[in-house]
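For reference, the chains in residue letters:
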Amino acid sequence: MAYPNLALTARPRRNRRSPAIRDMVRETELRPAHLVLPLFVHRGPDEPIDSMPGVNRWSPDGLLGEVGRAADRGVRAVVLFEAAPDELKTPTGDEAWNPDGLIPQTVRAVKAAHPNTVVMTDVALDPYNSDGHDGIVAADGTIVNDETVDVLCRQALAHAEAGADIVAPSDMMDGRVGAIRQTLDRHRHTGVGICAYTAKYASAFFGPFRGALDSTPRSGDKKTYQMDPANSREALRELELDVAEGADMVMVKPAGPYLDVVRRFAEASAVPVAAYQVSGEYLMVKAAAASGWLDEPSIVAETLCGIRRAGADVIFTYFAMQAAELLS
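Participant: I'd love a proper account of the overall build of the chain, names of residues and values included.
Facilitator: Assigned secondary structure in the chain consists of 11 helices and 12 strands. Relative to its length of 328 residues, the chain is compact, with a C-alpha radius of gyration of 21 Å against a globular reference of 20 Å. Reported as C-alpha extents along the three principal axes, the dimensions of the chain are approximately 80 × 40 × 40 Å. Taking the intrachain contacts of the chain between residues at least 6 apart in sequence as the baseline, contacts between residues at least 24 apart amount to 75%.

Printed below as a string of structure tokens:
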């Protein structure tokens, strides 16, 4: 067989010849230290979440065990969410800032047992709001902004006083980052960081998470405060505001469908960029793998690498434990 005489000086395949060469020239690094593990805690026993196979609602003791297992694998950051019972939910979400509530108790327990683990807490009213919204709902159905921010400040302060390292407002109310920063500083919690959910989209990918917390809105939707999925330039305005108000980290949520926004944040942000691989992204991978059409470990590694490649410094993912094992 005659071969064509290819006078090629550039042969990119030379840098793919062996595993050692591929490792040497790899552009994107993914380590367990880049991952944050979301954890759900409730007042009952450990139980699986139907909408998120492989994810549990943990009892406080069970959650401590999971934090320890994560730390053993190199995942040194967790973010806590409470699945609150209906009897604690009110229109104003007062349980959110109860200093003796389940989240403050859990923060204290985790920091006592695992002092080197970074503990982040969700700051929003939807787990405690009987209306299922991230903010207080007025009589006319409007989600009110400034009244909600006041409660969010109290919630963030309760978490900081319990020992949280970082509070993460996920509500998308205007001005809440600056108000929380002022509240924390006024109470001498200047070392507590803020990870702002800066570009949180009104996404259909949140469905399984709402099943985990039973936090689906009782009426209406979240489109008056979460961002329109059609917009990316608007996200840069949110970025500018959150950084100016004192955010230490900014987030894009969801991650996979919004990698273009992650890239724009990475290019424009002076603070670290986080991206949240949300419950719907997780469930799609689990369902496709369960059907036998996708290899789950390979897809987990590829999707997380893609989020890092887009520019995320930190990735919130329910695959954190599995990914850490793969990376090891």
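Participant: Talk me through the nonpolar core; I want residue IDs and the actual numbers.
Facilitator: Core analysis: the biggest nonpolar cluster contains 97 residues, and Phe40, Phe265 and Phe316 have the highest contact counts within it. Looking at which element gives the most residues to this core, the answer is helix 4 (residues 146-162), with 7 residues. Excluding its chain neighbours within four sequence positions, the residues that come into contact with Phe265 are Thr198, Ala199, Ala235, Leu236, Leu239, Val250, Met251, Val252 and Val273.

Participant: Explain the side chain of Ser170 residue by residue, including any values.
Facilitator: Along the chain, Ser170 falls in the loop between strand 8 (166-169) and helix 5 (176-186). Apart from residues no more than four positions distant in its own chain, Ser170 is found in contact with Asp122, Val123, Ala124, Asp134, Tyr197 and Lys200.

Participant: Tell me what's going on with the pairing of strand 8, and back it up with residues and numbers.
Facilitator: Burial along strand 8 is two-sided: the residues Ile166 and Ala168 and Val167 and Pro169 are all buried. By the bridge criterion, 2 bridges tie strand 8 to strand 9 (residues 193-200) in an arrangement that is parallel. By the bridge assignment for strand 9, Ile166 is matched with Gly193. Tracing the backbone out of strand 8, into helix 5 and back to the parallel element strand 9 gives a crossover that is right-handed.

Participant: Report on helix 3 (residues 102-113), specifying residues and quantitative values.
Facilitator: The end-to-end C-alpha distance of helix 3, which contains 12 residues, comes to 16 Å, matching closely the 16 Å that a straight helix rising 1.5 Å per residue would cover. Turning to helix 3, its buried residues number three or more, namely Leu102, Ile103, Pro104, Thr106, Val107, Val110 and Lys111.

Participant: Describe the packing of helix 10 (residues 296-310) against helix 11 (residues 320-327), naming the residues involved and giving the relevant values.
Facilitator: Where helix 10 contacts helix 11, the two axes come as close as 10 Å, and the packing angle between them is 95°. In terms of orientation, helix 10 and helix 11 fall into the roughly perpendicular class. Here helix 10 contributes Glu296, Pro297, Val300 and Leu304 to the contact with helix 11, which in turn contributes Gln322, Ala323 and Leu326. Taken together, the residues of the contact of helix 10 with helix 11 sort by class into 5 nonpolar, 1 polar and 1 charged.

What counts and what doesn't
- Residues numbered from 1 in each chain as written.
- Predicted model: local features only at pLDDT ≥ 70, side-chain atom pairs only at ≥ 80, totals over all residues.
- Heavy atoms only, no water.
- Helix = DSSP H or I, 4+ residues; strand = E, 2+ residues; numbered from the N terminus.
- Rg over C-alpha atoms; globule rule 2.2 N^0.38 Å.
- Contact = heavy atoms within 4.5 Å.
- Core = buried A, V, L, I, M, F, W, Y, C linked by side-chain atoms within 4.5 Å.
- Buried < 20%, exposed > 50% of the residue type's maximum accessible area, 1.4 Å probe, protein only.
- Pairing = 2+ DSSP bridges.
- Right-handed = clockwise from strand over helix to strand, strands pointing away.
- Expected span 1.5 Å × (residues − 1).
- Axes fitted to C-alpha atoms, helices over the stretch in contact; angles between N-to-C directions.
- Parallel < 35°, antiparallel > 145°, perpendicular 65-115°, else oblique.
- Nonpolar A, V, L, I, M, F, W, Y, C, P; charged D, E, K, R; others polar.

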